[in-house]
Amino acid sequence: MTATKILLDESEMPRRWYNLVPDVPSPSDLTAAGRAVLEKDPDSPGSLGIAISEAVEVAAQHPDTNYALGSVLDHVLLHQTIIGEEALLQLAKAGDTPDLIVGCTGGGSNFGGLAFPFLGEKLAGTMSPIIRAVEPAAFPSLTKGTYAYDFGDTAGMTPLMKMHTLGHDFIPDPIHAGGLRYHGMSPLISHVYELGLIEAVAKTQKECFEAGIRFARSEGIVPAPEPTHALAACVEEALRCKETGEEKVILTALCGHGHLDLPAYSRYLAGEMVDHELSGPALEAALAGLPEVPATR
């Protein structure tokens with residue numbers, strides 16, 4: 001389930017910041033958006049889209065409260081580009097340029113933060129790396145989604161954004177990479193993908209955890225499930241280079257440690273992990289709820 005912070009209604013407790021209830025699992029019964037989801041599916045695994053709906057609803061009910069979407073949108077990617085800017089300086093100090101840049105991609109913030117500074121250099125003609133987004137096969141918005149206007153949340157409270165989407169009604173399967181469980185892709189990432197400036201692939205979670213185990217054994221760091229998607233693509237490319245004899249500089253960002261995800265690694269090692277891949281009927285059903293946007297000149 002996705003955790004968010006829900007401010008209780010005044011009828012339940014005084015509306016003060018120190019009365020915020022920490023880490024209320026979403027969907028919750030504290031909001032109309034959450035109750036609607038639970039009415040439809042009492043065992044809903046939740047999603048980032050549902051948590052956003054609940055947070056926006058709470059903020060909208062109180063004049064002294066605002067909500068800033070901390071993922072997907074342009075200002076977030078701009079903030080995150082400090083990652084790519086630092087990587088540019090590090091590579092320059094090492095006297096290297098990347099041949100391939102790989103990033104895990106759920107909503108796009110982490111990937112954009114790493115890739116966009118290098119994309120700027122690529123457009124300026126100073127380097128020519130391949131830039132590869134790696135998303136979960138369970139909710140592949142870039143590789144299987146539709147480029148259309150859609151809401152950024154499940155209840156349809158946010159402004160419409162043109163992005164690659166699986167439909168705001170889509171509830172992702174409960175895979176272990178919780179940070180990648182989102183129905184849409186950043187409008188900026190979607191735009192550069194449409195322009196052909198980046199490419200995208202989808203990976204199943206068992207392949208990703210295999211790469212995570214391999215990385216931990218070789219580097220001594222247990223990665224979070226999210227970056228194992230990028231690691232799986234890095235391993236795949238490195239093994240390809242090993243076969244062909246081609247030398248490549250591969251850059252990725254290890255955006256989180258897996259210290260809190262050891263039970264997930266235990267399930268993988270015990271052979272209990274299940275792969276989820278989005279099927280045609282499920283995709284069609286999710287896209288059926290896309291909002292109708294009048295054509296403009």
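A.B. asks: Help me out: how do you make sense of the side chain of Arg-132 in this one?
C.D. replies: Position of Arg-132 relative to the elements: it lies in strand E4 (residues 130–136). Judged by relative accessible area, which is 11%, Arg-132 ranks as buried. At 3.1 Å, the side chain of Arg-132 forms a polar contact with the side chain of Glu-237. Residue contacts for Arg-132: discarding those within four places in its chain leaves Leu-100, Ile-101, Val-102, Gly-103, Phe-111, Glu-199, Val-201 and Glu-237.

A.B. asks: Could you clarify how one ought to interpret unusual backbone geometry in this entry?
C.D. replies: Peptide bonds are mostly trans, and most non-glycine residues show a negative phi. Put simply, Ser-26 and Pro-27 share a cis peptide bond, and its omega is 10°. Residue position: Pro-27 is located in the loop between strand E2 (21–26) and helix H1 (32–40). Although it is not a glycine, Val-72 sits at a positive phi angle of roughly 80°. Note that Val-72 resides in the loop between helix H2 (48–60) and helix H3 (74–80).

A.B. asks: Explanation requested: helix H11 (residues 280–287) in the structure shown.
C.D. replies: Residues spaced three or four apart along an α-helix face the same direction, because each turn holds 3.6 residues. Burial in H11 covers these residues: Leu-283, Ala-286 and Leu-287. Along the axis of H11, the buried residues cluster in a sector spanning 95°; they form a single face. Exposed residues on H11 whose side chains face more than 90 degrees from its buried face are Pro-281, Glu-284 and Ala-285. For H11, the elements touching its buried residues are helix H6 (141–144), strand E5 (146–151) and strand E6 (160–165).

A.B. asks: In this structure, what is going on with the environment of Arg-240? I would like to understand it.
C.D. replies: Mapped onto the secondary structure, Arg-240 falls in helix H9 (residues 225–244). Since its relative accessible area comes to 36%, Arg-240 is described here as partly exposed. C-alpha separation for the pair Arg-240 and Gly-196, spaced 44 residues apart in sequence, amounts to 23 Å.

A.B. asks: Would you take a moment to explain the sheet that holds strand E7 (residues 199–203) for this structure?
C.D. replies: Two modes of strand pairing occur in sheets, parallel and antiparallel, and in both the strands are linked by backbone hydrogen bonds. In space, the 4 strands of this open sheet follow the order E7-E4-E3-E8, with parallel pairing throughout. Pairing within the sheet leaves two strands with one partner each, and these edge strands are E7 and strand E8 (250–252). Put simply, the sheet's adjacent strands are angled 25° from each other on average, direction ignored. As paired strands, E4 and E7 are joined by 5 bridges and run parallel to one another. Bridged to Val-134 within E7 is Val-201.

A.B. asks: Quick question: what am I supposed to make of the packing of H1 against H2 here?
C.D. replies: Angle between the axes and distance between the axes: these two values describe a pair of packed helices. Here H1 crosses H2 at 145°, and the two axes come no closer than 8 Å. Along its contact with H1, which presents Ala-32, Ala-33, Gly-34 and Val-37, the element H2 presents Ile-50, Ser-53, Glu-54 and Glu-57. Among the residues making up the contact of H1 with H2, the classes are represented as 4 nonpolar, 2 polar and 2 charged.

A.B. asks: I would appreciate a short explanation of the packing of aromatic side chains in the present structure.
C.D. replies: Any aromatic ring pair is given by two values, namely how distant the centres are and how the planes are angled relative to each other. Under the counting rule described, the total for this entry stands at 2 aromatic pairs. With centroids separated by 4.9 Å and ring planes inclined at 65°, the aromatic side chains of Phe-209 and Tyr-265 adopt a geometry described as edge-to-face. A residue pair is termed long-range when its members are at least 10 positions apart, and Phe-209 in helix H8 (residues 205–219) and Tyr-265 in helix H10 (residues 262–269) qualify at 56 residues. In this structure, Phe-209 and Tyr-265 share a single accessibility class: buried. The interplanar angle of 25° and the centroid separation of 6.1 Å between the aromatic rings of Phe-209 and Tyr-268 together place this pair among those described as stacked. Remark: Tyr-268 occurs in helix H10 and Phe-209 occurs in helix H8; sequence separation between them is 59 residues.

Reading guide: rules and limits
Residues numbered from 1 in each chain as written. Predicted model: local features only at pLDDT ≥ 70, side-chain atom pairs only at ≥ 80, totals over all residues. Heavy atoms only, no water. Helix = DSSP H or I, 4+ residues; strand = E, 2+ residues; numbered from the N terminus. Buried < 20%, exposed > 50% of the residue type's maximum accessible area, 1.4 Å probe, protein only. Polar contact = N/O pair within 3.5 Å; in protein donor to acceptor, adjacent residues only side chain to side chain. Contact = heavy atoms within 4.5 Å. Arc of directions from axis to C-beta. Pairing = 2+ DSSP bridges. Axes fitted to C-alpha atoms, helices over the stretch in contact; angles between N-to-C directions. Nonpolar A, V, L, I, M, F, W, Y, C, P; charged D, E, K, R; others polar. Phe/Tyr/Trp six-rings, centres within 6.5 Å; stacked < 30°, edge-to-face > 60°.

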